[in-house]
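Examining the three-dimensional arrangement
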Amino acid sequence: MTSTLHAPRSRTPVEVDSFRPSAARMYDYYLGGRNHLAADREAADALLDAVPDIAVAAQQNRAFLRRVVEYAVGQGVTQFLDLGSGYTSPGGVPEVACASGAASRVVAVDIDPGVTAQVGSTARATGVSGRVGAIHADLCDAAGVLEHPVTRRLLDFDRPVAILCLAVLHFVPGDLERVLGPLRRAAAPGSLLAFSHAAAGETPSTTERITRLVYDCTLTPLVLRSAETLTDAVGGLDLVEPGIVPVNRWHPAGTDAAAPASGLLGGVARL
Ligand SMILES: C[S@@+](CC[C@H](N)C(=O)[O-])C[C@H]1O[C@@H](n2cnc3c(N)ncnc32)[C@H](O)[C@@H]1O
């Protein structure tokens with residue numbers, strides 16, 4: 001039996017709680033991965049029964065992630081700070097970036113210690129640990145992330161970096177500028193800030209209420225935000241066309257754009 005211990009005033013758990021569902025492991029379950037426990041499957045199945053589109057949203061988000069990484073590499077940006085990285089499988093940033101042909105480097109940051117252990121061991125097993133590092137941290141602790149020895153070893157902040165906040169800011173309460181500001185200020189001109197986020201409707205729907213209720217059981221409850229709030233959060237930055245849109249409509253490939261939007265908004269800003 002394991003229990004979750006918390007350092008004082010920190011949201012970063014130091015052990016995996018196998019009895020409590022985790023957003024990271026639930027997401028892995030939606031994607032057909034292998035990194036989930038009974039508590040995650042129970043919570044995820046309850047949500048999938050009520051909101052089957054959750055699995056579609058996860059798949060559309062991973063497809064968006066792939067297109068964002070490929071876009072960044074196409075722009076000559078090959079350094080990735082992957083905040084709220086999630087498990088690597090299938091199709092995480094390390095896999096896509098390392099397959100891109102560019103000499104990419106990735107620092108994966110996650111609040112879930114199970115994630116960082118798995119990302120680190122996968123990097124070692126696939127022979128890319130010289131290019132991919134994992135940090136167990138809360139992304140709200142920008143200084144801790146930016147000054148971490150792994151970040152300093154792998155990323156050069158004098159050159160452009162792609163800061164990825166994909167499907168993670170909706171687990172971060174409060175003002176997003178407080179979180180994004182220090183990261184934006186640390187990045188060189190030409191850097192990119194990419195995000196995807198669960199969108200709030202004008203009035204909370206039953207779907208939204210059920211989704212929030214399920215994630216309230218995890219260590220990272222869900223905070224939905226409107227397109228206007230997200231636009232404000234990247235205020236003053238140059239948004240890459242087509243701006244903030246449903247993730248399947250951002251630089252769609254193949255049949256992406258034909259699919260119904262899943263409730264996740266995404267965009268990329270140039271710093
Ligand atoms: C839905 S997954 C997204 C994974 C990946 N970014 C993607 O888009 O495919 C969200 C991840 O964010 C992590 N997370 C949530 N809050 C976080 C925080 N404050 N700091 C770092 N990671 C966080 C969770 O543990 C989980 O692995």
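The coordinates are above.
Heads up: these notes are all about the structure in this document. (Residues numbered from 1 in each chain as written. Predicted model: local features only at pLDDT ≥ 70, side-chain atom pairs only at ≥ 80, totals over all residues. Heavy atoms only, no water.)

With that settled, the discussion passes to the site of the ligand. Surrounding the ligand, one finds 20 residues, the nearest of these being Y27, N61, G84, D110 and L166. Interatomic distance of 2.6 Å between a side-chain N/O atom of D110 and an oxygen atom of the ligand. Counting only elements with at least two residues in the shell around the ligand, the list comes to α1 (23-30) and α3 (53-74). The element contributing the most residues to the shell around the ligand is α3, with three residues. Among the residues forming the shell around the ligand, the class breakdown is 10 nonpolar, five polar and five charged. (Near = heavy atom within 4 Å. Polar contact = N/O pair within 3.5 Å; in protein donor to acceptor, adjacent residues only side chain to side chain. Helix = DSSP H or I, 4+ residues; strand = E, 2+ residues; numbered from the N terminus. Nonpolar A, V, L, I, M, F, W, Y, C, P; charged D, E, K, R; others polar.)

What follows is about the pairing of strand β1 (residues 79-83). Here β1 lies mainly inside the structure; five of its five residues are buried. Going residue by residue along β1, you find Q79, L81 and L83 tucked away on one face and F80 and D82 tucked away on the opposite face as well. The pairing of β1 with strand β4 (residues 162-166) spans three bridges and is classified as parallel. Of the residues in β4, the one forming a bridge with F80 is A162. (Buried < 20%, exposed > 50% of the residue type's maximum accessible area, 1.4 Å probe, protein only. Pairing = 2+ DSSP bridges.)

In this structure, the amide linkage connecting E241 to the following residue, P242, adopts the cis form with an omega of 10°. Positive phi, normally seen in glycine, also occurs at A167, with a value near 50°. With relative accessibility at 16%, the residue A167 sits in the buried group. One non-glycine residue, H251, lies in positive phi territory at about 45°. Relative to the assigned elements, H251 resides in the loop between β7 (245-246) and β8 (264-270).

Counted at 1.5 Å a residue, the expected span for helix α5 (residues 113-125) with its 13 residues is 18 Å, and the 18 Å between its end C-alpha atoms agrees. Those residues of α5 lying buried are P113, G114, V115, T116, Q118, V119, G120 and A123. For α5, the secondary structure elements touched by its buried residues are α1, α4 (93-99), β2 (105-110) and β3 (132-136). Residue G127 follows α5 closely and has a positive phi angle near 75°. (Expected span 1.5 Å × (residues − 1). Contact = heavy atoms within 4.5 Å.)

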